[in-house]
Amino acid sequence: MNKTWVRLRPVVESDLGMFRRFVTEPGLAGPAWSGYREPTGPARRFAEDGFLGEHDGRLMVEADETAAGFVSWESTGTGWSRYWSIGIILLPEWRGRGVGWRAQTLLCDYLFANSAAPRIEARTQPENIPEQKALEKVGFLSEGILRSAEFRDGAWRDVLVYGKLRGDR
């Protein structure tokens with residue numbers, strides 16, 4: 001079995017169709033779906049800064065030279081205590097193939113190499129076992145549960161928090 005080749009790259013204009021799909025097709029984003037969003041928002045953001053802002057951004061996940069989804073990050077914390085919170089969304093056909101954990105590893109390496117942030121945080125749903133396993137494979141440690149922290153599917157739901165510190169394996 002051949003290993004899937006994974007890399008991150010900046011968003012290009014031809015990727016905007018995928019972003020529109022994620023905000024207009026229920027279920028395409030899997031557990032990350034949180035309702036319809038304005039479909040021209042991704043094009044406006046791309047025109048503004050190519051999804052590479054000072055406090056947040058997105059990079060495309062390419063698997064075997066095909067756009068498979070994207071990773072994102074945003075600055076969080078307060079005052080001088082700032083760090084990154086990351087996320088990933090893959091198209092269904094790329095899930096369960098080892099693409100996610102490799103893309104998240106590349107993103108963590110990128111953020112630690114290009115910022116002074118001491119930690120990276122990731123959150124996921126308790127029922128998203130594959131993402132929990134992926135985060136642990138990247139070197140994240142479970143840090144706890146935020147009770148009723150996310151409104152999804154008509155109810156308030158718990159969220160699991162994972163953290164990775166600069167210097168962790």
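In the block above lies the structure referred to throughout.
Here the structure is a predicted model, which means the values were calculated and not measured.

Peer 1: So what's going on with the nonpolar core? Residues and values would help.
Peer 2: Formed by 39 residues in total, the largest nonpolar core has its most connected members in Phe-22, Val-61, Val-71, Ile-86, Ile-120 and Phe-140. Of all the elements, helix H3 (residues 99–114) adds the most residues to this core, at six residues. Ignoring sequence-local partners within four residues, the contact set of Val-71 consists of Leu-8, Gly-57, Arg-58, Leu-59, Val-61, Gly-87, Ile-88, Ala-103 and Leu-107.

Peer 1: Outline the packing of aromatic side chains, listing residues and values.
Peer 2: Inspection of every chain in the model, using the stated rule, returns six aromatic pairs. A ring pair is formed by Phe-19 and Phe-51, whose centres lie 4.9 Å apart and whose planes are at 25°; its orientation type is stacked. Remark: Phe-51 occurs in the loop between helix H2 (41–49) and strand S2 (56–63) and Phe-19 occurs in helix H1 (residues 16–24); sequence separation between them is 32 residues. There is no split in this pair, since Phe-19 and Phe-51 are both buried. Each member of the aromatic cluster is reached from another via a ring pair, and the members are Phe-19, Phe-22, Phe-51 and Phe-70. Across from the ring centre of Tyr-83, 4.8 Å away, lies the NZ or CZ of Arg-119, which sits over that ring.

Peer 1: Please set out the environment of Val-11 residue by residue, giving values where relevant.
Peer 2: Considering the arrangement of structural elements, one finds Val-11 in the loop between strand S1 (6–9) and H1. With a relative accessible area of 6%, Val-11 lands in the buried category.

Peer 1: An account of the pattern of salt bridges is needed here, citing residue identities and associated values.
Peer 2: Across all of its chains, the model carries 13 salt bridges by this definition. Put simply, Arg-119 and Glu-143 hold a salt bridge, and the shortest N to O gap is 2.8 Å. Of this pair, Arg-119 sits in strand S5 (residues 119–124) while Glu-143 sits in strand S6 (residues 141–152); the two residues are 24 residues apart in sequence, bridging distant segments of the chain. Classification of Arg-119 as buried rests on a relative accessible area of 16%.

Peer 1: Any details on unusual backbone geometry? Residues and values, ideally.
Peer 2: For Phe-51, which is not glycine, the phi dihedral falls at a positive 65°. Exposure remark for Phe-51: the relative accessible area of 3% places this residue in the buried category. We note that Asp-153 has phi near 55°; this positive angle belongs to a residue other than glycine. Following the sequence through the fold, Asp-153 ends up in the loop between S6 and strand S7 (155–165). Judged by its relative accessible area of 59%, Asp-153 is exposed.

Peer 1: Quick rundown of H1? Include the residues and the values.
Peer 2: Turning to H1, its buried residues are Leu-16, Met-18, Phe-19, Phe-22 and Val-23. The buried side chains of H1 occupy one side of the element, clustering within an arc of 155° when seen end-on. If you follow the buried residues of H1, they end up packed against H2, S2, strand S3 (66–78) and strand S4 (81–90).

Peer 1: Which residues make up the packing of H3 against helix H4 (residues 129–138), and what values go with them?
Peer 2: Packed helix pairs are characterised by how far apart their axes lie and by the angle those axes make with each other. Two elements in contact, H3 and H4, have axes whose closest approach is 9 Å; the angle formed by their N-to-C orientations is 45°. Relative to H4, the element H3 lies oblique. Crossing geometry of H3 relative to H4 is assigned as right-handed. Between H3 and H4, the contacting residues are Trp-101, Gln-104, Thr-105 and Cys-108 on the first element and Glu-131, Ala-134, Leu-135, Lys-137 and Val-138 on the second. Residues that form the contact of H3 with H4 fall into these classes: five nonpolar, two polar and two charged.

Peer 1: Give me the lowdown on the side chain of Ser-85, citing residues and values where you can.
Peer 2: Residue placement: Ser-85 occurs in strand S4. For Ser-85, a relative accessible area of 14% puts it in the buried group. Those residues in contact with Ser-85 that sit more than four places away from it in its chain are Ser-72, Trp-73, Glu-74, Thr-76 and Glu-121.

The rules behind each value
Residues numbered from 1 in each chain as written. Predicted model: local features only at pLDDT ≥ 70, side-chain atom pairs only at ≥ 80, totals over all residues. Heavy atoms only, no water. Core = buried A, V, L, I, M, F, W, Y, C linked by side-chain atoms within 4.5 Å. Buried < 20%, exposed > 50% of the residue type's maximum accessible area, 1.4 Å probe, protein only. Helix = DSSP H or I, 4+ residues; strand = E, 2+ residues; numbered from the N terminus. Contact = heavy atoms within 4.5 Å. Phe/Tyr/Trp six-rings, centres within 6.5 Å; stacked < 30°, edge-to-face > 60°. Lys NZ or Arg CZ within 6 Å of the ring centre and 35° of its normal. Salt bridge = Lys/Arg side-chain N within 4 Å of Asp/Glu carboxyl O. Arc of directions from axis to C-beta. Axes fitted to C-alpha atoms, helices over the stretch in contact; angles between N-to-C directions. Parallel < 35°, antiparallel > 145°, perpendicular 65-115°, else oblique. Left-handed = near helix turned anticlockwise from the far one by under 90°. Nonpolar A, V, L, I, M, F, W, Y, C, P; charged D, E, K, R; others polar.

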